[in-house]
Amino acid sequence: MGTLQVPEGWFVENTFLYSGRWDEFRKVIPKRKDPIFQFYEGYLDLLEGHPAIALPLFQEGASDRRTSLPFSDLCEIYALALQGDRVMALTKLRAFDEARGHLRVPDGELTFKVAEAYAYLGQVDDALTAAGRAFAQGFGCLAWYDRSPLFAPARGSLRWKAFRQHVVDRQTLLERNYPPDSFG
């Protein structure tokens, strides 16, 4: 049995994003027309406070239903929100979240994108619930939970403080059992 060969240029190095190296992140986003890349371009523009630049990227990503469907759906949700149709954006987000809940192989990183979208749409409780699922699915990047501009509305909640402490406790336990310096 051979190893899985993934075509080069089909991934985005999110480490740059989560560590705040956004200029480097932008450079590694492939310049291909695919919803995943259009999402990340628009997402980064939105993070940087440029919704007018993000909107056409989200619209274009939403219109392409051939590949990267989860990202096409997220593009549509953000496009609707940026066009002022927050009710429809929230309706689509809830449907997307519900459909993703039935997957057998959950993706914590993508689930956190759902949490960010809920927070962006002002749904703090839903954002924290989705963030809890993202963490349970393996997304434990405390720096991004703390730093994501889209998730900021959720960080004012009392639930946030308890959730954050849970993430800190888990990170402390992992660092004790697997010290970072042992990885070279």
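Quick note: structure is the one above.
The present account deals with the structure reproduced in this document. (Residues numbered from 1 in each chain as written. Predicted model: local features only at pLDDT ≥ 70, side-chain atom pairs only at ≥ 80, totals over all residues. Heavy atoms only, no water.)

1. So, the overall build of the protein
The cut-off we apply is this: Going along the chain from the N terminus, every DSSP run of H or I of four or more residues is numbered as a helix, and every run of E of two or more is numbered as a strand. For the radius of gyration, the atoms used are the C-alpha atoms, and the globule rule reads 2.2 Å times the number of residues raised to 0.38. Classification of residues uses two cut-offs on accessible area relative to the type maximum, computed with a 1.4 Å probe and protein chains only: under 20% is buried, over 50% is exposed, and between them is partly exposed. Between two residues, a contact is recorded if the distance between any of their heavy atoms is within 4.5 Å. For every accessible area listed, the method is Shrake-Rupley and the probe measures 1.4 Å; residues are considered covered only by the protein chains on display. For the purpose of charge, His is not counted, nor are the chain termini; Lys and Arg are scored as positive and Asp and Glu as negative. Here the site of a charge means atom NZ of a Lys, CZ of an Arg, CG of an Asp or CD of a Glu.
Each helix and strand in the protein was counted, giving 10 helices and zero strands. Counting from the amino terminus, helix and strand elements in the protein follow one another as α-α-α-α-α-α-α-α-α-α. Radius of gyration (C-alpha) of the protein: 17 Å, near the 16 Å computed for a compact globule of 184 residues. Its C-alpha atoms give the protein principal-axis dimensions of about 45 × 45 × 35 Å. Relative to its 184 residues, the protein shows a buried fraction of 41%. Counting contacts in the protein only where the partners sit at least 6 residues apart, residues at least 24 apart contribute 56% of the total. Just so you have it, the protein exposes about 10200 Å², and 56% of that area is on carbon and sulfur atoms. Charge centroids of the protein, computed over 22 positive and 24 negative side chains, lie 2 Å from each other.

2. A closer look at unusual backbone geometry
Peptide bonds are, in most cases, trans, and in most cases residues other than glycine have a negative phi. The backbone of Ser68 shows a phi angle near 50 degrees, a positive value even though the residue is not glycine. Inspection of the secondary structure puts Ser68 in the loop between helix 4 (51-63) and helix 5 (69-82).

3. With respect to the nonpolar core
Short version of the rule: Residues belong to one nonpolar core when they are buried, are Ala, Val, Leu, Ile, Met, Phe, Trp, Tyr or Cys, and are joined through side-chain atoms within 4.5 Å.
By size, the foremost hydrophobic cluster in this structure holds 55 residues, and its most contacted members are Leu17, Phe39, Tyr40, Phe112, Trp144, Tyr145 and Phe151. Residues within four places of Phe39 in sequence aside, it is in contact with Phe58, Phe71, Leu74, Cys75, Tyr78 and Lys113.

4. A word on the packing of aromatic side chains
To keep things clear, this is the line we draw: Classification of ring pairs uses Phe, Tyr and Trp, with its six-membered ring standing for Trp, and accepts pairs whose centres are within 6.5 Å; under 30 degrees between planes counts as stacked, over 60 as edge-to-face, and the remaining range as tilted. Charge-over-ring placement is defined geometrically: NZ (Lys) or CZ (Arg) within 6 Å of the ring centre, and within 35 degrees of the ring normal.
What the rule picks out here adds up to 21 aromatic pairs. Ring geometry for Tyr78 versus Tyr120: centroids 5.6 Å apart, planes at 55 degrees, classification tilted. Taken together, the residues Tyr78 in helix 5 and Tyr120 in helix 7 (residues 108-120) connect sequence positions 42 residues apart. By relative accessible area, which is 1% here, Tyr78 ends up buried. Exposure remark for Tyr120: the relative accessible area of 22% places this residue in the partly exposed category. Through successive ring pairs, a cluster of aromatic residues spans Tyr18, Trp22, Phe112, Phe135, Phe139, Trp144, Tyr145, Phe151, Trp160 and Phe163. Note that Arg86 overlies the ring of Tyr120, its terminal NZ or CZ placed 5.1 Å from the centroid.

5. What to know about the environment of Cys75
Take Cys75: it is sitting in helix 5. In this structure the C-alpha to C-alpha distance between Cys75 and Pro106, which are 31 residues apart in sequence, comes to 20 Å. Setting aside residues up to four positions removed in sequence, Cys75 forms contacts with Pro35, Gln38, Phe39, Phe58, Gly61 and Ala62.

6. Examining the pattern of salt bridges
This is how it is decided: For salt bridges, the criterion is a side-chain nitrogen of Lys or Arg within 4 Å of an Asp or Glu carboxyl oxygen.
Using the criterion set out here, one finds 13 salt bridges in the structure. When the shortest N-O distance is used, the salt bridge between Arg26 and Glu41 registers 3.1 Å. In this pair, Arg26 sits in helix 2 (residues 22-28) while Glu41 sits in helix 3 (residues 35-47), placing the two residues 15 residues apart along the sequence. Among the residues examined, Glu41 registers a relative accessible area of 15% and is labelled buried. Between Asp125 and Arg159 there is a salt bridge, with the nearest N and O atoms lying 3.6 Å from each other. A residue pair is termed long-range when its members are at least 10 positions apart, and Asp125 in helix 8 (residues 124-136) and Arg159 in helix 10 (residues 158-177) qualify at 34 residues. Through salt bridges with shared partners, one network takes in Arg26, Lys31, Glu41, Asp45 and Glu48.

7. Some thoughts on helix 8
So the rule is basically this: One fewer than the residue count of a helix, multiplied by 1.5 Å, yields its expected span. Of all possible arcs, the one meant is that of the directions from the helix axis to the C-beta atoms.
In this model, helix 8 (13 residues) spans 18 Å end to end at C-alpha, consistent with the 18 Å of a helix rising 1.5 Å per residue. For helix 8, the set of buried residues is Ala127, Leu128, Ala130, Ala131, Ala134 and Phe135. Viewed along the axis of helix 8, the buried residues span an arc of 165 degrees, placing them on a single side of the element. Across helix 8 from its buried face, at more than 90 degrees, point the exposed residues Asp125 and Ala136. Where helix 8 is buried, its residues contact helix 7, helix 9 (142-147) and helix 10. Taken from the residues just after helix 8, Gly138 is the one with a positive phi, measuring 110 degrees.

That is the geometry; function is a separate question.
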